[in-house]
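# Chain and residue survey
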Number of protein chains: 2
Amino acid sequence: MAPTLDTVFAALADPTRRAILSLLLEDDMAVTDVAEPFEMSLAAISKHLGILSRAGLISQERRGRVVWCKLEPGALREASVWMQGFGQFEAVNLDAFEKFLEIEFAQFPGRSAPQE
Amino acid sequence: MAPTLDTVFAALADPTRRAILSLLLEDDMAVTDVAEPFEMSLAAISKHLGILSRAGLISQERRGRVVWCKLEPGALREASVWMQGFGQFEAVNLDAFEKFLEIEFAQFPGRSAPQE
DNA sequence: AGGATCGTCAACCGTACGGTTGAATATGCG
DNA sequence: CGCATATTCAACCGTACGGTTGACGATCCT
């Protein structure tokens, strides 16, 4: 399944996957480290990473035992272009963005917003 | 279900629903008119409109027999803000947007891109 | 080699999705 | 009133999703 608007938006429609993307905004991470803040099984996180990967939102590279996950923000461009056609949004409001990240992460135990 | 990033992205993850939004970019429309370009049943379109409505992407107002559907582009703002945090996208490229609309609409019979 | 760690695969479960059809509910019109 | 139009509701079907558990294949370390 090639990355399409379908797969990108579907991938973004899950709070766990959005939280994973926020994590990867900090830094590249191994699958195990991505899974650490979440209360679900490693296998579940692995599935989520597969969905993000097939959507083109992250890339995964195996080095030894460890699979490194890297954010690929470029995949959001098509989706962003599509959305922006529906309204004139003001320039990026980073305060609003950080607030969103905090809200998104409030539900996950053991950590606050990822950017600190 | 209040409009959230979950519901907005999930609503956008379906090509029929994106095509409906593109239709409504032209003008407000009755449910029957929204359904006309599509090959599926009216009930299916009604369901899609319900999903778009609950996501806050459209509003529906009954006037007499007719339910008028209106694009509510403001609901995309939160989602747009969220996405833009992941990359610096250039200003809106309207050419690219029109190209997307054409691709999106190529699959539906009896009409070309909605903006003409 | 042997054991621990990293990650995925496979099978399963419950629920939701996208679609259908047919009946039901309004509303408008002659 | 009585019929046509507009829209939704309800029940159903097949498939996919989000999660689990347990087994499996790699890789590193001693």
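The notes below deal with the structure included here. Note that the coordinates shown come from a computational prediction; the quantities given were computed from them, not determined experimentally. (Residues numbered from 1 in each chain as written. Chains lettered and ligands numbered in written order. Predicted model: local features only at pLDDT ≥ 70, side-chain atom pairs only at ≥ 80, totals over all residues. Heavy atoms only, no water.)

## Overview of the overall build of chain A
To keep things clear, this is the line we draw: Only runs of H or I of at least four residues qualify as helices and only runs of E of at least two qualify as strands under DSSP, and these elements are numbered from the N terminus. Categorising residues by exposure relies on relative accessible area from a 1.4 Å probe, with only protein chains included: less than 20% of the type maximum marks a residue as buried, more than 50% marks it as exposed, and the intermediate range marks it as partly exposed. Working rule for contacts: check all heavy atoms of both residues, and any pair within 4.5 Å makes them a contact.
The helix and strand tally for chain A stands at 6 helices and 3 strands. Taken from N to C terminus, the helices and strands of chain A fall in the order α-α-β-α-α-β-β-α-α. Out of the 116 residues belonging to chain A, those deemed buried represent 47%. In chain A, the proportion of contacts linking residues at least 24 apart, taken out of those at least 6 apart, comes to 57%.

## Some remarks on the sheet that holds strand S2 (residues 58-63) of chain B
Adjacent strands of a sheet form backbone hydrogen bonds with each other and so pair up, either parallel or antiparallel. Residue and element names in this part refer to chain B. Put simply, the rule reads: For two strands to be treated as a pair, DSSP must find no fewer than two bridges joining them. Every angle, taken between N-to-C directions, lies between 0 and 180 degrees, and every axis is a line fitted to C-alpha atoms, over only the stretch in contact when it is a helix.
The sheet built from 3 strands is open, its strands ordered S1-S3-S2 with antiparallel pairing. The sheet is open, and its two borders are formed by strand S1 (29-30) and S2, each paired with just one other strand. By the bridge criterion, 6 bridges tie S2 to strand S3 (residues 66-71) in an arrangement that is antiparallel. Counterpart to Glu61 in the pairing with S3 is Trp68. Lying on the sheet, helix H2 (residues 15-26) is in contact with S1, S2 and S3; it crosses S3 at an angle near 90°.

## What to know about the sheet that holds strand S1 (residues 29-30) of chain A
Residue and element names in this part refer to chain A. Strand order in the open sheet formed by 3 strands is S1-S3-S2, with antiparallel pairing between adjacent strands. With partners counted over all chains shown, the strands left at the sheet margins are S1 and strand S2 (58-63), one partner each. Its contacts with the sheet place helix H2 (residues 15-26) against S1, S2 and strand S3 (66-71), and it is angled at close to 90° to S3.

## A short note on the protein's contact with DNA strand D
To be explicit about the condition: Any residue with a heavy atom lying within 4 Å of a molecule or strand is counted as near it. Any N or O atom pair separated by 3.5 Å or less is treated as a polar contact, with the protein-specific requirement of one donor-capable and one acceptor-capable atom, and with residues adjacent in sequence counted only for side-chain atom pairs. Residue type decides the class: Asp, Glu, Lys and Arg count as charged, Ala, Val, Leu, Ile, Met, Phe, Trp, Tyr, Cys and Pro as nonpolar, and the leftover types, Gly among them, as polar.
Around DNA strand D there are 21 residues in total, and A:Ser41, A:Lys47, A:His48, B:Thr32 and B:Ser46 lie nearest to it. Here the atoms of DNA strand D within 4 Å of the protein split so that 64% fall in sugar or phosphate, with bases taking the remainder. Contact between DNA strand D and A:Arg65: a sugar or linking oxygen at 3.4 Å from a main-chain N or O atom of the residue. Put simply, the parts of the chain that give the surface near DNA strand D at least two residues each are helix H4 (42-54) of chain A together with helix H3 (31-35), helix H4 (42-54) and S3 of chain B. Of the residues forming the surface near DNA strand D, the biggest block, 5 residues, is contributed by H4(A). Looking at the surface near DNA strand D residue by residue, the class counts come to 10 nonpolar, 5 polar and 6 charged.

## Digging into the protein's contact with DNA strand C
Close contacts around DNA strand C come from 22 residues, with A:Thr32, A:Ser46, B:Ser41, B:Lys47 and B:His48 the closest. Each atom of DNA strand C within 4 Å of the protein was classed as base or backbone; sugar and phosphate made up 65%. A:Ser46 places a side-chain nitrogen or oxygen 2.4 Å from a phosphate oxygen of DNA strand C. In this structure, B:Lys47 approaches DNA strand C through a side-chain N or O atom, which is 2.3 Å from a base oxygen. For the surface near DNA strand C, the elements supplying multiple residues, two or more each, are helix H3 (31-35), H4 and S3 of chain A together with H4 of chain B. Considering every element that reaches the surface near DNA strand C, the biggest residue donor is H4(B), with 5 residues. Tallied by class, the residues present in the surface near DNA strand C amount to 10 nonpolar, 6 polar and 6 charged.

## Remarks on the pattern of salt bridges
When their charged atoms lie close together, side chains carrying opposite charge are able to pair. For clarity, the threshold we go by: A pair is scored as a salt bridge if a Lys or Arg side-chain nitrogen falls within 4 Å of a carboxyl oxygen belonging to Asp or Glu.
Within the structure shown, the criterion is met by 4 salt bridges over all chains. Note that B:Arg18 is salt-bridged to A:Asp6, the shortest N-O span being 2.6 Å. With one member in each of two chains, B:Arg18 in helix H2 and A:Asp6 in helix H1 (residues 5-12) form a pair that bridges those chains. Residue classification places A:Asp6 among the partly exposed positions, given a relative accessible area of 26%.

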